[in-house]
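Secondary and tertiary structure notes
Spelled out from the first residue to the last, the chains are:
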Amino acid sequence: MFHSIMESTSIPCTSYTNPYLKSLFLLSHTVLTLLLIMESQHCLSSSPKMLILPLKTQVIPSGSVPRSPNKLPFHHNVSLTVSLTVGTPPQNVSMVIDTGSELSWLHCNKTLSYPTTFDPTRSTSYQTIPCSSPTCTNRTQDFPIPASCDSNNLCHATLSYADASSSDGNLASDVFHIGSSDISGLVFGCMDSVFSSNSDEDSKSTGLMGMNRGSLSFVSQLGFPKFSYCISGTDFSGLLLLGESNLTWSVPLNYTPLIQISTPLPYFDRVAYTVQLEGIKVLDKLLPIPKSTFEPDHTGAGQTMVDSGTQFTFLLGPAYNALRTAFLNQTSSVLRVLEDPDFVFQGAMDLCYLVPLSQRVLPLLPTVTLVFRGAEMTVSGDRVLYRVPGELRGNDSVHCLSFGNSDLLGVEAYVIGHHHQQNVWMEFDLEKSRIGLAQVRCDLAGQRFGVAL
């Protein structure tokens, strides 16, 4: 028998309006020894002050993980998964972490051939949420499709994705067990109907953990006022820290404010982690791009989103073309351009080079700096180019500029991906609505926090 959550029931954590930019990242087939360090607050009652949770990366083909409409349709997708237990008694689940989505959800249909599904009938702490509940009526306002009321008067959610995948089911709550801590009353979608364009690959996880700034995202419900992460550029490991980092041992952070608007606009994602991009430099020289190019228009199109769930960085056409031209001019004497109009990596990266397989080290490449309001992010060395896996032309490998053209994907936004966040301490100050950046060595940062990376 399912238990109906009453209107007086509330989540025992303070919910912030701007929580956290997701946990991340990487382009490796290896297990990511990423450590999630959570400095508990009152919502994790009787739990330790520090909680460590291992995360893994897995490479999943296109279509295997449903992507929300504002997510880019990648041909190669690296997903970050976390294993935990849910319910009473606990059931093992594996969830893909996605900072571009709000509602976390689990496969709840036992008839589907998933290795791990969540069975709500086995959990005595599982509670359904009626459509009259404030959770359903007030906290689902940022869902792309409004929550509805099913025939049993339960809150019903339908999620539709850019790759034509979809899922629907009921909102519910249950206990999530993370390490030795029990987080009760966490709201998620118990999905009994899931359509995927790649069901074989989609079956590798139990569901999805939404991590954007929406009211019902996982981090919003946990209620941490500040969090940070750092991705190592050498061994594809890193750390994610929820709470105050006290980064006094490192270089000072430069902060850029999060952009928020109160008026709904058709092409502006109000719960994304949006900052203001103001310019782009190549070799420390500012490109001649009008600042208006980076300003959202009256429809909201043109916002700049920091998304650790996106692998690379994508720029709208005018900015991308200026960067492409400048980078091409700077590298014409040291790199051979791939002259193949039929090859565009991931549908948006059309500046690619041929590098001999015998050449183990790339030549010195020009740096590319993204200039934000109050802060900068510099991309240098091998991170400027990306070797396309499995792509060979005779005795040459193919390397592409790790910036793509959003226009080629039909996406009306700038997206800053995790590939360019390596060895950058990223602090998300939710109370002051800002993001702090500092160039650091993430392996040394891990040592300072007692984490061996």
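In short, a report on the structure. Remember, it's a predicted structure, so these values are computed and weren't measured experimentally.

Quick look at the state of the cysteines
Tallied over the full model, the rule gives four disulfides. Through a disulfide, Cys 352 is tied to Cys 400; the S-S separation comes to 2.0 Å. Linking Cys 352 and Cys 400, the disulfide has an S-S dihedral of approximately 95° and is accordingly described as right-handed. On the criterion of sequence distance, the pair formed by Cys 352 in strand S22 (residues 352-356) and Cys 400 in strand S26 (residues 396-401) is long-range, its members being 48 residues apart. The pair formed by Cys 352 and Cys 400 is uniform in burial state, with each residue classed as buried.

Overview of the side chain of Thr 293
With respect to the helices and strands, Thr 293 occurs in the loop between strand S18 (285-286) and strand S19 (303-306). In this structure Thr 293 comes out as buried when scored by relative accessible area, which is 19%. Apart from the residues within four sequence positions on either side, Thr 293 is in contact with Pro 318, Ala 319 and Tyr 414.

Quick word on the environment of Val 388
By the element assignment, Val 388 lies in strand S25 (residues 385-393). Look at Val 388 and you get buried, because its relative accessible area is 4%. When the C-alpha positions of Val 388 and Phe 345 are compared, they lie 7.7 Å apart, and in sequence the two are 43 residues distant. Dropping the residues within four chain positions of it, Val 388 is found in contact with Phe 343, Phe 345, Val 398 and Cys 400.

Examining the sheet that holds strand S24 (residues 375-379)
Strand pairing in a sheet takes place through backbone hydrogen bonds and is either antiparallel or parallel in direction. Spatial strand order, S18-S17-S23-S24: four strands in an open sheet with antiparallel pairing. Across the chains shown, the open sheet's two edge strands, defined by having one partner strand only, are S18 and S24. In this sheet, S18 lies alongside strand S17 (residues 277-282) in antiparallel orientation, the contact comprising two bridges. From the neighbouring strand, Val 282 faces S18, where its bridge partner is Lys 285. In the packing of helix H4 (residues 317-331) onto the sheet, contacts are made with S17 and strand S23 (368-372), and the angle to S17 comes to roughly 15°.

A look at the pattern of salt bridges
Taken as a whole and judged by the stated rule, the model has eight salt bridges. A salt bridge links Arg 324 to Asp 350, with the nearest nitrogen and oxygen atoms 3.1 Å apart. On the criterion of sequence distance, the pair formed by Arg 324 in helix H4 and Asp 350 in the loop between strand S21 (336-337) and S22 is long-range, its members being 26 residues apart. Judged by its relative accessible area of 24%, Arg 324 falls in the partly exposed class. Salt-bridge contacts for Arg 393 lead to Glu 391; the nearest nitrogen and oxygen are separated by 3.1 Å. Via salt bridges that share partners, Asp 340, Glu 391 and Arg 393 belong to a single interconnected network.

Section: the side chain of Arg 139
With respect to the helices, strands and loops of the structure, Arg 139 is situated in the loop between helix H1 (134-138) and strand S8 (148-149). Buried charged residue Arg 139 carries no salt bridge. Nearest counter-charge: Glu 102, at 7.2 Å. Polar side-chain contacts of Arg 139 include one of 2.8 Å to the side chain of Ser 215.

Rules used in this analysis
Residues numbered from 1 in each chain as written. Predicted model: local features only at pLDDT ≥ 70, side-chain atom pairs only at ≥ 80, totals over all residues. Heavy atoms only, no water. Disulfide = S-S within 2.5 Å. Helix = DSSP H or I, 4+ residues; strand = E, 2+ residues; numbered from the N terminus. Buried < 20%, exposed > 50% of the residue type's maximum accessible area, 1.4 Å probe, protein only. Contact = heavy atoms within 4.5 Å. Pairing = 2+ DSSP bridges. Axes fitted to C-alpha atoms, helices over the stretch in contact; angles between N-to-C directions. Salt bridge = Lys/Arg side-chain N within 4 Å of Asp/Glu carboxyl O. Lys, Arg positive; Asp, Glu negative; His and termini not counted. Polar contact = N/O pair within 3.5 Å; in protein donor to acceptor, adjacent residues only side chain to side chain.

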